[in-house]
Amino acid sequence: MTSPETEFVSILGGAEKTESPRVSSRSLPDSLPILGLSDIVIFPSAVVPLLVETGPSLKLIDDIVAGDRLFGAVLQRKPEIAEPSPEDLHEVGCVSRLSKMVKFPDGTARVLVEGLWRIRMKEYSLPAPYLRASYSLLRDETEDSIELQAMLRNAHKQFEEIAKMSTALTDQVKIAALNTEHPGHFADLIAANLNLSLQDRQKLLETISVRERLQKLLPLLNREQEVLTLSSKIQNDVASSIAKTQRDFFLREQMRAIQRELGDGEQGTGETKTLREKIEQAVLPAEVRKAAEQELERLQQTPPAAAEYAVGRNYLDWILSLPWEKSTEDKLDLKAAEKILNEQHFGLTKVKDRLLEFLAVIKRRKEIKGPILCLVGPPGVGKTSLGKSMADALGRKFARISLGGMRDEAEIRGHRRTYVGAMPGRIIQTLRRVESRNPVILLDELDKVGADFRGDPASALLEVLDPAQNHTFTDHYLDLPFDLSRVLFIATANWLEPIHAALRDRLEVIELPSYTESEKLQIAKRYLVPRQIEEHGLTRKDVKFSDSALRKLIREYTREAGVRQLEREIAALSRKATRKIISKNGAAATVKLDADELESYLGHAPFISETSEKITEYGIATGLAWTPVGGEILFIEATRMRGRGSLILTGSLGDVMKESAQTAASYLRSQAKKLDVDLSDYGKFDVHIHVPAGATPKDGPSAGVALVVALASLLTKRRVRSQVAMTGEISLRGRVLRVGGIKEKVLAAARFGLKEVILPEGNKSDWLEAPAEVRSKLKVHFVRQISEAIRLALEAK
């Protein structure tokens with residue numbers, strides 16, 4: 001049975017029984033039919049709707065409607081029992097009168113009953129077909145005392161507060177309760193309409209003493225007032241934090257707020273529980289664990305639909321996925337490491353020795369902060385691939401970060417979490433990807449880093465590449481220190497000049513020179529040819545490259561410091577060989593590639609040695625230049641024509657090179673007599689100096705010797721020896737000063753077939769750094785004075 005009052009009212013329009021006259025307690029019968037109630041307690045003076053469904057109960061209703069309409073309403077001990085026995089009913093109930101009834105086609109009936117008096121069950125008769133029982137009438141035990149009046153007033157006051165906050169109480173109930181002066185009637189009215197449990201209502205019904213009934217009711221009123229106050233507070237808190245239109249969101253917030261106030265809410269949703277388990281299981285530093293737990297607490301208080309929830313969730317994902325304490329074990333077998341390096345790279349002895357030294361120190365000390373190596377050299381000499389070989393030799397994971405064109409500082413240090421779409425920097429992203437805190441990270445193209453209004457990435461790299469600071473590297477996104485001291489950073493660059501001075505100071509620079517012809521030949525035979533044969537689906541039996549063909553490729557089809565163009569030419573030959581084999585319909589044949597056949601496959605050689613033509617005119621000198629892609633030879637041309645003694649300079653020369661030309665002219669004019677130069681008609685002629693390849697900008701002081709030799713050749717009418725190249729800075733005092741890039745310059749001299757080089761005496765140590773193969777091909781002259789260079793460069797009279 002239920003008591004849905006609104007549902008009952010909605011059906012009152014049906015057929016109704018007429019109401020009986022008021023009953024006196026003296027006219028009550030000795031026994032009454034008993035109706036068991038499953039979910040309601042009826043109090044005296046209360047009017048309650050009931051739903052009657054079971055057969056015996058319906059029979060009981062039909063019988064009392066035909067009689068005096070009186071019955072006993074008693075609460076069942078077990079609400080699920082359809083036909084209760086006397087043992088299933090409480091001892092105290094209420095004499096009730098049926099006021100109205102409506103029957104429905106489904107066999108059920110809706111009745112409106114009015115409670116009259118409390119009764120105590122005495123003896124039940126056998127059900128035929130429903131229970132009947134004799135009873136005793138229970139009258140209120142009241143007293144006229146000040147204490148009872150005080151309790152009544154207190155109850156009135158509390159009920160007034162409840163009536164203001166509760167929306168469940170009707171206006172009729174509020175008015176009736178506030179106008180009731182009888183303590184017993186007031187207690188019954190409140191007990192019937194207050195939101196109480198069935199057990200509390202039954203206890204109030206069984207309490208005959210009005211004073212005791214009010215004593216039991218007051219704590220219940222106080223609890224209901226606190227619940228309504230707290231409910232109002234929760235609703236206000238929720239309403240202030242969310243939009244009224246978000247109904248689902250409102251319900252979730254309300255539930256969460258209730259759990260917070262009660263202090264027994266769950267630890268979070270399934271997602272936050274999973275995150276908490278991950279944090280507990282993860283091996284994290286104390287500071288990181290504390291930050292993760294604080295973020296998880298904030299996440300639990302954030303609605304999943306809010307944007308901040310995704311931000312906090314991503315932040316925890318990053319913290320839990322980083323290798324804070326996870327590292328790979330280093331391979332400390334020096335012989336095995338040396339074997340790996342030699343198998344994957346030819347030459348590069350200095351770099352290999354440095355890495356093996358690093359391994360030896362780790363093996364000895366067991367713990368060492370990673371050095372910051374910077375491999376500097378022209379393109380194609382193996383700087384990038386060497387980083388991967390280092391990782392293989394150490395047994396560490398490898399990652400590459402390209403810095404070319406990077407202009408935003410946030411690429412290194414990350415974005416702060418206040419920005420939409422914020423992410424950690426490339427360093428932290430790389431560590432997450434390799435899942436190790438001691439990988440080998442290659443910072444490629446360090447010299448190509450730029451700077452603009454978004455910051456200077458090179459400045460951000462100062463902390464990353466400083467062994468004394470990077471153990472507490474702090475990414476803006478994480479805002480937590482991460483130890484980078486175990487990472488082996490390897491930077492690569494084509495030249496050092498563009499690198500920030502403070503950053504360059506933190507690097508251990510290892511220069512990689514250009515490859516010699518014999519080194520290129522060995523690299524081609526060991527690495528390039530086998531790789532291209534495999535990539536084109538061939539075997540060593542299908543195609544064979546002769547040494548003469550490879551040498552001709554190196555000399556006449558490529559002109560580079562590295563081997564990239566050489567590999568492209570080998571790839572082109574491999575494609576030609578593959579096509580030739582396929583065109584023979586699979587017939588077994590080996591394609592042999594000799595030097596004489598290269599022109600038929602690749603066309604005319606694009607590079608012919610510029611020194612093959614002998615210098616036959618005055619005013620031409622061969623200089624040596626350094627470029628980011630290796631060394632080059634540079635021809636200086638000088639001529640004179642009628643004029644006013646002006647010096648004309650062309651060839652896209654920079655300011656430093658122009659000043660070197662002016663210094664050369666001033667020196668020759670000041671030392672004309674000593675050098676046996678006739679300048680009696682110098683003011684009647686203009687001197688024009690030109691450096692070919694005018695579209696290519698040129699600058700630097702190292703062409704000073706070549707400039708002064710070309711002018712001396714023009715003015716003395718003595719040709720420069722064809723097989724001699726030179727480099728060096730000059731001064732007005734006639735000194736030849738030290739310059740850089742000697743390795744690349746002498747390699748270029750050997751590559752172009754020159755026989756002698758003139759170098760400043762200050763570059764003797766650099767000459768010894770050149771490969772022995774190159775030193776054996778060139779005769780070197782070290783000079784301190786310009787006069788010595790002129791004497792060695794010009795032909796004898």
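Residues numbered from 1 in each chain as written. Predicted model: local features only at pLDDT ≥ 70, side-chain atom pairs only at ≥ 80, totals over all residues. Heavy atoms only, no water.

Draft legend 1. Expanded view of the overall build of the protein chain. Along its length, the protein chain carries 28 helices and 24 strands. Projected onto its principal axes, the C-alpha coordinates of the protein chain cover approximately 160 × 70 × 55 Å. Across the 797 residues in the protein chain, those meeting the buried criterion constitute 49%. Sequence separation of 24 or more characterises 74% of the internal contacts of the protein chain that already satisfy a separation of 6 or more. Counting only carbon and sulfur atoms, one obtains 49% of the accessible surface of the protein chain, whose full area is about 39,800 Å². Looking at charge distribution, the protein chain has the averaged site of its 116 positive side-chain charges lying 10 Å from that of its 111 negative ones. (Helix = DSSP H or I, 4+ residues; strand = E, 2+ residues; numbered from the N terminus. Buried < 20%, exposed > 50% of the residue type's maximum accessible area, 1.4 Å probe, protein only. Contact = heavy atoms within 4.5 Å. Areas by Shrake-Rupley, 256 points an atom, 1.4 Å probe, with all protein chains shown as cover. Lys, Arg positive; Asp, Glu negative; His and termini not counted. Charge placed at Lys NZ, Arg CZ, Asp CG, Glu CD.)

Draft legend 2. Representation of empty space enclosed by the protein in the model. Overall, the coordinates contain one cavity of 30 Å³ or more when judged by the stated rule. Here the largest cavity defines a volume of roughly 50 Å³. Looking at the largest cavity, the residues that line it are Leu647, Ala665, Leu668, Arg669, Tyr682, Val687, Leu711 and Leu715. Those elements that place two or more of their residues in the lining of the largest cavity are α23 (655-670) and α24 (704-716). Residue contributions to the lining of the largest cavity peak at three residues, all from α23. (1 Å grid on protein atoms, 1.4 Å probe; cavity = no way out; pocket = protein on both sides within 12 Å on 5 of 7 lines; lining within 4 Å. Points joined across faces, edges and corners; volume = space filled by probe spheres on them.)

Draft legend 3. Structural view of helix α10 (residues 286-300). Helix length check: α10 (15 residues) gives 21 Å between terminal C-alpha atoms against 21 Å at 1.5 Å per residue, within 8%. Those residues of α10 not exposed but buried are Val288, Ala291, Ala292, Glu295, Leu296, Leu299 and Gln300. (Expected span 1.5 Å × (residues − 1).)

Draft legend 4. Up close: the side chain of Thr430. Locating Thr430 in the fold gives a position in helix α16 (residues 426-434). Aside from chain neighbours lying at most four places away, what touches Thr430 is Ala399, Ile401 and Ile441.

Draft legend 5. Fine view of the pairing of strand β2 (residues 47-52). In terms of residue burial, β2 counts as a mostly covered element, since five of its six residues are buried. Across six bridges, β2 lies against strand β5 (residues 109-125) in antiparallel orientation. Across the sheet, the residue bridging to Leu51 is Arg110, located in β5. (Pairing = 2+ DSSP bridges.)

Draft legend 6. Representation of the pattern of salt bridges within the structure. Inspection of every chain in the model, using the stated rule, returns 34 salt bridges. Of the charged contacts, one joins Lys388 and Asp392 as a salt bridge, the two residues approaching to 2.9 Å between their closest N and O atoms. With a gap of four residues between them, Lys388 and Asp392 both fall in helix α14 (residues 383-394), about one helical turn apart. (Salt bridge = Lys/Arg side-chain N within 4 Å of Asp/Glu carboxyl O.)

Draft legend 7. Main features of the packing of aromatic side chains. All chains considered together, the criterion is met by three aromatic pairs. For the cation-ring pair, Arg417 lies above Tyr315, with the distance from its terminal atom to the ring centre recorded as 3.7 Å. Here the basic side chain of Arg640 rests over the ring of Phe685, its NZ or CZ set 4.3 Å away from the ring centre. (Phe/Tyr/Trp six-rings, centres within 6.5 Å; stacked < 30°, edge-to-face > 60°. Lys NZ or Arg CZ within 6 Å of the ring centre and 35° of its normal.)

Draft legend 8. The nonpolar core, seen in detail. Counting residues in each nonpolar core, the largest one holds 52 residues, and the members touching the most others are Leu50 and Ile61. Broken down by element, this core gets its largest block of residues, seven residues, from helix α7 (residues 210-241). Counting 51 residues, the second-largest nonpolar core is a separate cluster that includes Leu284, Leu299, Ile319 and Phe489. (Core = buried A, V, L, I, M, F, W, Y, C linked by side-chain atoms within 4.5 Å.)

Draft legend 9. Inspection of the packing of α23 against α24 at higher detail. Direction vectors running N to C along α23 and α24 enclose 45 degrees, while the axes themselves pass 9 Å from each other. Regarding the angle of α23 to α24, the classification is oblique. Between α23 and α24 lies a crossing whose hand is right-handed. Side by side, α23 and α24 meet where Met657, Ser660, Ala661, Ala664, Ala665, Tyr667 and Leu668 of the first sit next to Gly704, Leu707, Val708, Leu711, Ala712 and Leu715 of the second. When the residues that make up the contact of α23 with α24 are grouped by side-chain class, the tally is eleven nonpolar, two polar and no charged. (Axes fitted to C-alpha atoms, helices over the stretch in contact; angles between N-to-C directions. Parallel < 35°, antiparallel > 145°, perpendicular 65-115°, else oblique. Left-handed = near helix turned anticlockwise from the far one by under 90°. Nonpolar A, V, L, I, M, F, W, Y, C, P; charged D, E, K, R; others polar.)

Draft legend 10. Structural detail: the environment of Pro697. Of note, Pro697 is situated in the loop between β19 (685-690) and α24. For the pair Pro697 and Ser652, spaced 45 residues apart in sequence, the C-alpha separation works out to 4.9 Å.

Draft legend 11. Expanded view of the side chain of Arg396. Positionally, Arg396 belongs in the loop between α14 and β8 (398-402). Ignoring anything within four residues of it in the chain, the contact list for Arg396 reads Thr328, Asp330, Phe358, Ile362, Ala391, Asn438, Pro439, Val440, Arg486, Val487 and Leu488.

Draft legend 12. The arrangement of the packing of helix α4 (residues 171-178) against helix α5 (residues 183-193) in detail. α5 packs onto α4 with a crossing angle of 155 degrees between their chain directions and a minimal axis gap of 9 Å. If you check the angle between α4 and α5, you find them roughly antiparallel. In this structure, α4 crosses over α5, and the sense of that crossing is left-handed. Counted together, Val173, Ala176 and Ala177 of α4 and Phe186, Leu189, Ile190 and Asn193 of α5 form the full contact between these two elements.

Draft legend 13. Expanded view of the sheet that holds strand β12 (residues 488-493). Taken together, the five strands give an open sheet; going across it, the order is β8-β9-β12-β7-β13, and neighbouring strands pair in parallel fashion. Each edge of the open sheet carries a strand with a single partner, namely β8 and β13 (508-511). On average, each strand axis in the sheet is tilted by 20 degrees relative to the strand beside it, whichever way the strands run. Relative to strand β9 (residues 440-444), β8 runs parallel, the two sharing five bridges. Bridge pairing links Ser402 to Asp444 in β9. Helix-sheet contacts for α16 involve β8, β9 and β12, and the interaxial angle to β8 is about 155 degrees.

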